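Observations on the three-dimensional arrangement
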Amino acid sequence: MCGCTVLLVLTLLGRAALSGASAAVNSCDSPAEQLCDFVCDCGDCSDENQCGYAGVSPALGTPFTCDFEEGDCGWRDVSTSAYGWALARASLAAWGQGPPSDHSVGTDLGWFMAAAELPGKSPATAWLRSPVMREAAATCEIRAWYHVSGLNGTERPVLRLALAAGHETVELWQSPEHGGEGWHELVAYPGRTAGPFQLTFLATASPARGAQLALDDISFRHCGLQPSGQQACEAEESACERGSCAPRDRFCDGTDDCGDGSDEAAPHCQPFDACTFEQGWCLWEAEAGPPAWERNASVNLGAAPSLPTRDHSNGSRAGYFLHVGSGASAPAASGAARLSSPSFQATSSCSLVLYCYLHGSATSSLSIYYVTAAGKKLLRERTGDLGAYWVREKVEFNVTETFKVLIEGVAGSTGTVALDDMILSPDCKQEQEKPQITLPGRDPSGPCTAEQFACDSGECISAEQACDFAKGCDNNSDEKHCGATTFEDGAGGWHDVSVGQLRWGVQRTTEPAGTTVGEAGAFLALQSGAGQMLTAAKVRTPPLGPSGPACTMEMSYRILSDHHGFLAVAVADHASGMTQLAWQERGRGGSAAWQHASVPLGERARPFQVELLGWVNPGGTANVAVDNVTFVSCDPAVAPPEAAETSCNFETGTCGWYQDQLSDFQWVRGMGQGQGPDHTTGSGYLVAADPAAPGSRGRQARLVTSYQRPPATPQCLSFWYRMAGPQIGTLRLKLKYEEEEETVLWTRRGAWGSAWHRGFATLGLKGQRKYRLAFEALRDGFVGDVALDDVALRPGLCGAQDSCSFEAGTCGLLASGQPTWLWQSNGTGAASAGPPADHTTGTAAGHYMLVSTSKGSLPAGHAAVLTSELYEPSVRAQCLTFWYQLSGEPPGSLSVFVEESGRRRKKLFAVSTMQRSAWHHGQVTIQADREWRAIFEAVGGGGDLAYIALDDLQVMDGACSEPGSCDFEMDMCGWSSPSDDHLHGFAWGWKSAVPLTKYPGPEQDHTLGTKDGHYVYFDASVLGPGGTAAWLESQHLPAAADSCLHFWYHMDMPEHLPGGELRVRLHSAEGQRTVWSTAGHRGRGWLSSVVPMQSPSEFQIVFEIATRTWPIKGTIALDDIAYSAGKGCNPSPDMPGKEKKSSSSLVAKVVIGILLALIVLAMVVAGGYYVLKRRGQANRMPAESSAPQGFDNITFQDDKVTIPPLPKERDED
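Residues numbered from 1 in each chain as written. Predicted model: local features only at pLDDT ≥ 70, side-chain atom pairs only at ≥ 80, totals over all residues. Heavy atoms only, no water.

1. Section: the packing of aromatic side chains
Each aromatic ring pair is specified by the distance between its two centres and by the angle formed by the two planes. Short version of the rule: To pair, rings of Phe, Tyr and Trp, with the six-membered ring standing in for Trp, must have centres within 6.5 Å; the planes then decide the type, stacked if under 30 degrees apart, edge-to-face if over 60, and tilted in the middle. The way it works is that DSSP assigns letters per residue, a run of H or I at least four long becomes a helix, a run of E at least two long becomes a strand, and they are numbered from the N terminus. Categorising residues by exposure relies on relative accessible area from a 1.4 Å probe, with only protein chains included: less than 20% of the type maximum marks a residue as buried, more than 50% marks it as exposed, and the intermediate range marks it as partly exposed.
All told, the structure shown has 38 aromatic pairs when counted by the stated rule. Plain terms: the ring middles of Phe38 and Tyr53 are 5.2 Å apart, the flat faces sit at 20 degrees to each other, and that makes the pair stacked. Note that Phe38 is positioned in the loop between helix H1 (3-18) and strand S1 (54-56) and Tyr53 in the loop between H1 and S1, a separation of 15 residues in sequence. When sorted by exposure, Phe38 lands in the same class as Tyr53, which is buried.

2. Let's talk about unusual backbone geometry
The bulk of non-glycine residues show a negative phi, and the bulk of peptide bonds are trans. The linkage connecting Gly545 with the following residue, Pro546, adopts the cis geometry, with an omega of 5 degrees. By the element assignment, Pro546 lies in the loop between strand S32 (537-540) and strand S33 (552-560). Backbone geometry at Asn26 places phi at a positive 50 degrees, although glycine is not the residue there. The topology assignment puts Asn26 in the loop between H1 and S1. The buried category is assigned to Asn26, whose relative accessible area is 16%.

3. Re the sheet that holds strand S64 (residues 1060-1068)
To keep it simple, the criterion reads: Whether two strands pair depends on DSSP finding at least two bridges between them. Where helices are involved, their axes are fitted lines through C-alpha atoms of the stretch in contact, as for all axes, and angles between N-to-C directions lie from 0 to 180°.
If you trace the four strands from one edge of the open sheet to the other, you get S62-S67-S64-S65, paired in antiparallel fashion. Looking at the sheet topology across the chains shown, the edges are occupied by strand S62 (1029-1033) and strand S65 (1071-1079). Adjacent strand axes in the sheet meet at a mean angle of 25 degrees, parallel and antiparallel pairs treated alike. When S62 meets strand S67 (residues 1099-1107), the two strands line up antiparallel, connected through five bridges. By the bridge assignment for S67, Ala1030 is matched with Ile1105.

4. Considerations on the sheet that holds strand S46 (residues 753-763)
Across the sheet, five strands lie side by side as S40-S41-S48-S43-S46; this open sheet has antiparallel pairing. Looking along the sheet, the strands with just one partner apiece sit at the ends: strand S40 (667-670) and S46. The average undirected angle you get between the axes of adjacent strands in this sheet is 30 degrees. In the sheet, S40 pairs with strand S41 (residues 686-689) via four bridges, with the strands oriented antiparallel. Residue pairing for S41: Trp667 is matched across the bridge by Ala689.

5. Focus: the nonpolar core
Spelled out, the test is: Grouping buried Ala, Val, Leu, Ile, Met, Phe, Trp, Tyr and Cys residues that are joined through side-chain atoms within 4.5 Å yields what is termed a nonpolar core. Only heavy atoms enter the contact rule, under which two residues are in contact if any of them lie within 4.5 Å.
Counting residues in each nonpolar core, the largest one holds 45 residues, and the members touching the most others are Trp85, Leu159, Leu199, Phe201, Leu215 and Phe220. Residue contacts for Phe220: discarding those within four places in its chain leaves Phe38, Gly52, Tyr53, Pro63, Phe64, Met133, Glu141, Ile142 and Leu199.

6. A closer look at the side chain of Asn26
Note the threshold: Within 3.5 Å is the distance limit for a polar contact, defined as a pair of N or O atoms, with the added protein rule that one can donate a hydrogen and the other accept it, and that residues adjacent in sequence qualify only through two side-chain atoms.
Of note is the side chain of Asn26, whose polar atom sits 2.8 Å from the backbone nitrogen of Ser30. Beyond its immediate stretch of four places on either side in the chain, Asn26 contacts Leu35, Cys42, Ser46 and Asp47.

7. Concerning the state of the cysteines
Here is the rule we go by: Whenever a pair of cysteine sulfur atoms sits within 2.5 Å, that pair is classed as a disulfide.
This structure, assessed with the given rule, holds 20 disulfides. Between the sulfur atoms of Cys28 and its disulfide partner Cys42 the distance amounts to 1.9 Å. Taking the sign of the torsion about the S-S bond as the criterion, the disulfide between Cys28 and Cys42, at about -80 degrees, is left-handed. With Cys28 in the loop between H1 and S1 and Cys42 in the loop between H1 and S1, this residue pair connects regions lying 14 residues apart in the sequence.

Okay, here's the thing in structure tokens:
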């Protein structure tokens, strides 16, 4: 099933699940003109529900937001083709086909809108339309998150946001042409929109049909008009006709800030000289190019993504503006396009307001100068990509002689620079008498081309060498303006890209700045900005990189603000099209102390840019400042000293292991956070990846090394890992040689319990190639964690592996015979023979070992042998377990031999028939006093289409348990949770009784009766609505006529939220049936149960936890499972051959024995007295009933024995 179909199926379920879930609408009967206007008129804000947003988001808690958790918020699919929008949830069964989670909740339980197509139909454009909204303020900001997936090198689908008002529809935003998969944020500014309007998201599928789009968390910020009615205005404000107030400097600026147009109306705006370019150039003059400014309208221009889609004056496609860049007559010309004013008189109060547009290139710029007879002076410069919207800018002139205004625009190769609504204040008076100012000539182009960087020395180097953290120019001038600075000599390469009422600028003070103790200095700080929006100020470095894995930005900062103010560091990665938050800090009450921050940037391809984002409430005394910025260990060619420290116990740091900053979630060094102790000391540090951590939205977390020198001999990397939780996923160790693709050295999948396990991988030789390592955690769900500790690298081979899933290779097993054993998967579907899925992952992509035993491949009686490496003997017995599958008629035979050094091999296992083509569990107990190896021998049976497959080999200390039985002290004895998409991949856990905050369970096991004993458990709270379940399956067991299952279980569920049920089911060729069940209840300790077993064919025992109601909470645990084949059930509730070994249990038994003895003695005495008394009564009352007296204290039921409890004793069932 393709991802689109999966989304469609989920959509149909989603519509049913969310029907009737919408919140109340307009509970206070507000008039129609007050509905959906971004102002709450009802006390519960219900007049703003079903408006394309809800008054308050139930998941995020933010106002005017649609998170789709309780419905579609009024958005309607109005598509006219098979390609359409619909509500959907993530599919854990289809990673890469649609989002792995929604954006609001961050799990597979959250909802989003998906653009899905019906199978077999040709997609066109899917339309998602909002309800009618009203009266957006000039400060209105629209934010949403969209997800792109399934690219696989194909062309990206295109997402657009359009606004329809009156008789015109204009595009507000379009997704970029390039970028990676994942959740991306879109930001659009509709501007002041009077009257009713509607928004539409348009998704155009890629021609390759495989990439998918999803949409979530649509929010509207600062979109409501100020309340009408007479208000008392502040000193810097003026009154609007509707009674609200607006800042005085926002009057006559070309934008309706009041909401009624009164701030832009005559007569008070008549003295201003405003040019909208609708009728011509006004007093402005464009210098001939190329390049040159051109006057045009969007309707006349092409469809280049960087061009404005409307003018600022009218918000219309037919409105005129000036532009240079894409669509101009000479878009490829280098240099600056120049626009100048007439000469103005000397002034101290002339100002220019204009609206600029810079989009599509990181190298575009707009510079505003004044020019006098003495030369030109730069007043304001905007550099980089500001976004696809018009940005308000204001420049004030304080000039003591005649001057002209000069505006230069430089459009990058793919960018556009545009101007509109240029408004001169009344104090800008043209000079009529004095000689006119002559503009200086254009700056000479210099010796370097557009693809080169000009060093201060005059030499030219490649532009790729600028800001790459390495010396390119002889005097290092290529790294001079790249963001590393003390700000004493200026911005150091940082350029402001703010679009709101705050901006970043260099500020000087008499107070000590940064770490320059006792001296005055300069630093970067928030300042009042001329922009229209109420959004964070943003400043950005030039394009940087590439960088190495240890790259870190160090800086000093201070936040003089309450908790509303903040400072953040983000990284805009142009290769992936993602902007990631790297660090943030909120205000804590206005402390003036400078702090130090170290922000990991990690390994990144060129180009990327570092961004500083800051916010405080405008107009107050609060502020945010940054100083002393440096980049440490960023040159990828120069490794820091600790980079070679591959061996690490993480007690003092992460040594030579670094977080891959492009990961979806993070490896974090810590002490366990309730997941369990570290391995080194039991109270130290480890690194862990938690896929449920806040902000986790994707699938992988990577921990990497830098490139290491090639070793002289093979090396062995050992490490300890822990994988716990019901949906933890996969842990991989990967190796990459220079100029080669990564290969998987080692892998584990699924829950391995809250215990530490050891992993090994041999690093072979490959000439003099440098290599690097990476630990990669891939999640399958959202509940669980994986941890690493005590990584050690030593010379020599690792030897035989204790566990092999064959996902990373053959683990040193050698094949002989013809045909030989093959390592394969069925990922392409092209395998001629073999299981459709492996046992480890339960998917076609998983690997296993296979030999064809068909008569045409392996004739009857011929053998193919698979031999392990040598294992060291153990003081105790050892258990070899494996999973196998036989297919064909006849399939041949599989035998397992053990060969000790210098001795003949011994056959310990053989099988030649099998019911159903399924994976079966095999095991042999090995008693060896010398080194030994395992030999798997497949013998042909002469059948057709026959094969034998092997997977998941494991060697453990201790003898093997009987099939179907387990005390869980060493491992899970073949009991496992299936990889079933229907069950959401929930896995039972295995842990000791040591209390863990994240994984609660009984504080004693049943086997030992101590916290050191082990059991299996499941936290039922992860089960969702809709009858989801979690299974624990036995290995396949042979047909049984009179067998018995005996087990101990522990349930601890709140009385108000029980909701769960524990069942025992039999699965066989005849079907599935429940043979025992009990409802969830509050903890009563360990209880036992006995269940008769009968099956005419091979079967599995399945423990199932199912939801009867939702929500559900509590933990269910199992221990000491004993399966007795052909022996029938013993009516005793005690486990045969087992008893609790704790001292508290022994004392309890002694006390109970004494009490029972006293009770029996008392009953004998009372009975004797009663008999004597009855005899006396019988002589006097012969007609009285002789019915039996007393009670029956043992009740036999169908599948268990129940002993009613004695007073004040604990129940057992």
